[in-house]
Each structure stands twice: as structure tokens, then as C-alpha cells.
Amino acid sequence: MDPQDRICAALDFATWPEASAFARAVAPAVGMLKVGLELFAAEGPPAVRAAAALGRPVFLDLKLHDIPNTVEGAARSAAASGAALLTVHASGGPRMVEAAVRGAGARVRILAVTVLTSLDEPQLQRIGLAGPAEQAVVRLARLAVEAGAGGLVCSPLEVAAVRAAVGPGPLLVVPGVRPAGAARGDQQRVATPAEAVRAGADVLVLGRPLRDAADPVAAARAVAAEIAGVR
Ligand code: C5P
């Protein structure tokens, strides 16, 4: 896999005009563009179509979590917008993940989010997921793959354990990536691009480290150069 193709730039902006300037600039330097909740809530499916028109697969990160019937319909609608990947929460359970896979159809890969990379162990304990995050992540990863998910979203710190649990097939997508010296923000379970790829990540999601860089294209190329040396 070309190192650049492993980079997914998150279009975390409030409006398409703001996202568009960034997306046009970085698209030639990355392999994928991600439309998340902020942009989708403001602009809806036209933002997905506009991002896809830049010639990169679009990852629609809606993190669906509802009853199976509702998720199946939402996945069907999302698929019609031209997204190539769509997220659901694995904690919605196996029936919900199966429903998402049915709704999304053959052209859209369902990625299951295991445990948000912003959650640390004290917060996981309050939610009722006591114990090491890795245990919950691996349990949710297995459940989602058995239910038909084509990939998983997990933190760089758990990606090696997830790869060992699910084998080479599922696409492992990893946010919480911070080049050396970059601010963590609200992310808790982070690693550098090289560490994440070495641990088994297929695709790295970068939001603020690209969006807030003085030169986002140079920042993306630096990430590609960093991971080119791995494996
Ligand atoms: O700015 P930053 O690099 O932290 O952005 C990470 C992106 O990945 C955000 O768009 C966030 O919504 C997304 N994401 C995440 N953790 C997950 C799944 C997706 O941070 N488990």
C-alpha cells in the first residue's frame, strides 16, 4: 500500500466552504477524506458528494448506534450519498452491525468503532467497562467482525491486539494519531504515525494535526514519509 494511501484526512469543519478549501488542498497528498458529524450535521449528503468529487474515497464517520431497523435504514441512506466507508458503534451489538451491513450493501464497507480513542480508563470504568481498554476493544472487535463488519476503528495502542484477534482481513482504521510534538487535544490513547503502522494499522485518520497545520499538505507529506520507512 502506497504510504499516502494510508492517510485519511478528517474534514472536521462546520461548513462545506471551509472544508472545501482544505479538502482540495490535501486531497492530492492523502488516500481518503473523512466527513464526520460536524460537517454532515451542517451540510448533509451533498458534502459527501462534493468530497467524493475530489477523487478520493469518502469515509462517512457517522458512528451509528441505534436499534437495528433504524441503523439499517440510515446505512442505506448513507450508501446512497456515495460514501465508501461508514462507521457504526460495535457496542450497538451484533444484530445492529448485521443490519448496518445489510443496509449499506456491497459498495460500502462498514467499519465498527470499538472504544473511542478519547476514553481513558477512569472514564471507561464509569461507563461500566472496567479493566484494561484492550479487553473491551478486542471483545467488540471480534463481535463486529463475526457480524460482518469489513473493518474496525481502534486506537493505536490496541491495534496490535486487534490484528492478532481478527487476522489480516479486516481493514484497521486508527485515529488518535499524533506526529511527534503535535498537541493531543481530547485524545487519550495516542501514538505516532510510524508506531501505529508498525502495530498493524492500515489507515491512519488525522484531523487536527493536518487541519491546524500551517501547511496541511506538507504535514500530510511528512506523515507519508514517516510511515514509508515502516515494514
Ligand atoms: O483531530 P483528530 O486527529 O483527533 O481527529 C480524529 C478524527 O477521528 C475525528 O474526526 C474523530 O471524530 C475521529 N474518530 C476518533 N475516534 C474514533 C473514531 C473516529 O477520534 N474512535
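Draft legend 1. Spatial organisation of the layout of surface pockets. A volume near 580 Å³ is recorded for the largest pocket. Together, 30 residues line the largest pocket, and Asp12, Lys34, Asp61, Lys63 and Gln187 are the ones closest to its centre. Among the elements of the structure, helix 2 (37-43), strand 3 (58-64), strand 8 (203-206) and helix 10 (208-211) are those that each provide at least two residues to the lining of the largest pocket. For the lining of the largest pocket, the leading source of residues is strand 3, giving three residues. Residue composition of the lining of the largest pocket, by class: 13 nonpolar, eight polar and nine charged.

Draft legend 2. Representation of the pattern of salt bridges within the structure. Counted according to the given criterion, the structure contains nine salt bridges. Glu72 is paired through a salt bridge with Arg76; the nearest N and O atoms lie 3.2 Å apart. One end of the pair is Glu72 and the other is Arg76, both in helix 4 (residues 68-80) and four residues apart, which spans about a single turn. Exposure remark for Arg76: the relative accessible area of 47% places this residue in the partly exposed category. Arg163 serves as the salt-bridge partner of Asp202, at 2.6 Å between the closest nitrogen and oxygen. On the criterion of sequence distance, the pair formed by Asp202 in the loop between helix 9 (193-198) and strand 8 and Arg163 in helix 8 (residues 159-166) is long-range, its members being 39 residues apart. Via salt bridges that share partners, Lys34, Asp61 and Lys63 belong to a single interconnected network.

So, how was this worked out
- Along each chain, residue indices are assigned from 1 in the same order as the chain's sequence is written.
- This being a predicted model, a pLDDT of at least 70 is required before a residue's local features are given, and a value of 80 or more before pairs of side-chain atoms are given or counted; all residues contribute to the totals for chains, interfaces and linings.
- Water and hydrogen atoms were dropped before computing side-chain values, which therefore reflect all heavy atoms in the structure.
- Cavity and pocket criteria rest on a 1 Å grid covering protein atoms alone: a 1.4 Å probe that fits but cannot get out defines a cavity, protein on both sides within 12 Å along at least 5 of 7 lines defines an open pocket, and an atom within 4 Å of a point defines a lining residue.
- Grid points are joined across faces, edges and corners, and a volume is the space filled by probe spheres set on the points.
- Where helices and strands are cited, they refer to DSSP runs of H or I of at least four residues and of E of at least two residues respectively, numbered from the N terminus.
- Residue polarity is assigned by list, with Asp, Glu, Lys and Arg as charged and Ala, Val, Leu, Ile, Met, Phe, Trp, Tyr, Cys and Pro as nonpolar; anything else, Gly included, falls into the polar class.
- One speaks of a salt bridge when a side-chain nitrogen belonging to Lys or Arg is within 4 Å of a carboxyl oxygen belonging to Asp or Glu.
- Categorising residues by exposure relies on relative accessible area from a 1.4 Å probe, with only protein chains included: less than 20% of the type maximum marks a residue as buried, more than 50% marks it as exposed, and the intermediate range marks it as partly exposed.

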